[in-house]
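Now for the letters of each chain:
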Amino acid sequence: MIITILSAIALLILAFAYTVTLEGIARKIEARIHRRCGPPFWQNFIDIFKSLTKHSISHGFIFDFGVLMALGGTIATVLFIPAGNLVVFPGLDNVFVIIYLLAIGLLGMAMSAVGSGNPNASIGIGRALTQMLGYELPFMIVLLGVFFHFRTSSLSELAVLQNSGGTYNVLIMPIGAVVGFVSLMGMLGKKPFDTFIAPAEIASGPLVEYSGKYLGLLMTQHAFGTFIEIGLFVNLFLGGGKTIWEFLLKFFLVYFLAVIISSIMPRFRVEQAVKFYWKWPLILSFIQVVIVVFIMGRRV
């Protein structure tokens, strides 16, 4: 029990510190790509801690409770993400459990934003839910192929099986990995799939009414959410990591590939994003599943 608690605390600290640091570095890289100077990489820590000390404006119980629900659901989800050899719940980190817990955090965010009464927040949430319909379908189809091949949906077991076999899923199932990465871009809200934020159109959408402690808590929630989403991809397609350092290195590479692509892409409209996901990624996901089921078969 004590080991589990200490592992959970260590994972939460690691997820927060590492992801916020990478977000700060990403802001610097994006600025350089756009021929700007950009803030120092520690600016995100300053923003979060400063926001937590500021006065907050409440818009009612649903608004307040939704923030706590979003943060609590996301923190609970982080505990089921294996980070190399740092695994809080070995064997219990089922992908379906992770997706279910993550949905609690997203639902809390949606409740809170709509409860603010700001039309831009409602538009942003509507766009986010619509885009989810786009990227979740091909992503789940690819996951079913992975589960069929390895006969397990445990994230830590999938990572171990890839490492023991000496080949990652990105090589075994390259089409599925491409679909997974494109879906990851939508999960992260990176361009061209940042329709629900769209600062120039809807003033950052769901975040438009947040200030002070609420904004600081949601920035923290966003950092944990990023760790979950990229952690899922790394464990599913890159074998996680035999050590925590290997996991963090793979996390770094995936995150900055997404950042660089986002820095040079224009934004889709929400209907364009959904049509895109239901065209090429969906077709490719079916092709990958057919290859897995009828050609590769199950791994014994």
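Provided above is the structure to which this section pertains.
First, a word on scope: everything that follows refers to the structure included in this document.

Conventions and cut-offs
- Residues numbered from 1 in each chain as written.
- Predicted model: local features only at pLDDT ≥ 70, side-chain atom pairs only at ≥ 80, totals over all residues.
- Heavy atoms only, no water.
- Helix = DSSP H or I, 4+ residues; strand = E, 2+ residues; numbered from the N terminus.
- Rg over C-alpha atoms; globule rule 2.2 N^0.38 Å.
- Buried < 20%, exposed > 50% of the residue type's maximum accessible area, 1.4 Å probe, protein only.
- Contact = heavy atoms within 4.5 Å.
- Areas by Shrake-Rupley, 256 points an atom, 1.4 Å probe, with all protein chains shown as cover.
- Lys, Arg positive; Asp, Glu negative; His and termini not counted.
- Charge placed at Lys NZ, Arg CZ, Asp CG, Glu CD.
- Salt bridge = Lys/Arg side-chain N within 4 Å of Asp/Glu carboxyl O.
- Core = buried A, V, L, I, M, F, W, Y, C linked by side-chain atoms within 4.5 Å.
- Axes fitted to C-alpha atoms, helices over the stretch in contact; angles between N-to-C directions.
- Parallel < 35°, antiparallel > 145°, perpendicular 65-115°, else oblique.
- Nonpolar A, V, L, I, M, F, W, Y, C, P; charged D, E, K, R; others polar.

It is worth spelling out the overall build of the protein at this point. Scanning the protein from N- to C-terminus turns up 13 helices and zero strands. What you see in the protein, going N to C, is helices and strands ordered as α-α-α-α-α-α-α-α-α-α-α-α-α. On C-alpha atoms alone, the protein measures out to a radius of gyration of 19 Å, which is about the 19 Å that the 2.2 N^0.38 rule sets for 300 residues. For the protein, with 300 residues in total, the buried portion stands at 51%. The long-range share in the protein, meaning contacts at least 24 apart out of those at least 6 apart in sequence, stands at 81%. If you sum the accessible surface of the protein, you get close to 13800 Å²; carbon and sulfur atoms cover 73% of it. For the protein, the centre of its 20 positive side-chain charges and the centre of its 13 negative side-chain charges are spaced 7 Å apart.

Moving on, we come to the pattern of salt bridges. Under the criterion given, the structure shown has four salt bridges. Close ionic contact of aspartate 47 with arginine 27 constitutes a salt bridge, the shortest N to O distance being 3.3 Å. Within this pair, whereas aspartate 47 is found in helix α2 (residues 43-51), its partner arginine 27 is found in helix α1 (residues 2-33), the two being separated by 20 residues in sequence. Judged by its relative accessible area of 32%, arginine 27 falls in the partly exposed class. Salt-bridge contacts for arginine 267 lead to aspartate 194; the nearest nitrogen and oxygen are separated by 3.0 Å. One end of the pair, arginine 267, is in the loop between α11 (244-263) and α12 (270-277); the other, aspartate 194, is in the loop between α8 (174-188) and α9 (199-202), and 73 residues separate them in sequence. Look at arginine 267 and you get partly exposed, because its relative accessible area is 27%.

We now examine the nonpolar core. Ranked by internal contacts, the top residues of the largest apolar core, which has 66 residues, are Phe227, Ile230, Leu236 and Val254. Apart from the residues within four sequence positions on either side, valine 254 is in contact with Phe181, Leu184, Ile230, Phe233, Val234 and Leu238.

Helix-helix packing is characterised by the crossing angle of the two axes and by the distance between the axes. Relative to each other, α1 and α2 sit at 120°, their axes nearing to 7 Å. The pairing of α1 with α2 is recorded here as oblique in orientation. Packed against α1, whose contacting residues are Phe16, Ala17, Val20, Thr21, Glu23, Gly24 and Arg27, the element α2 presents Gln43, Asn44, Phe45, Asp47, Ile48 and Phe49 at the interface. Residue classes in the contact of α1 with α2 are distributed as six nonpolar, four polar and three charged.

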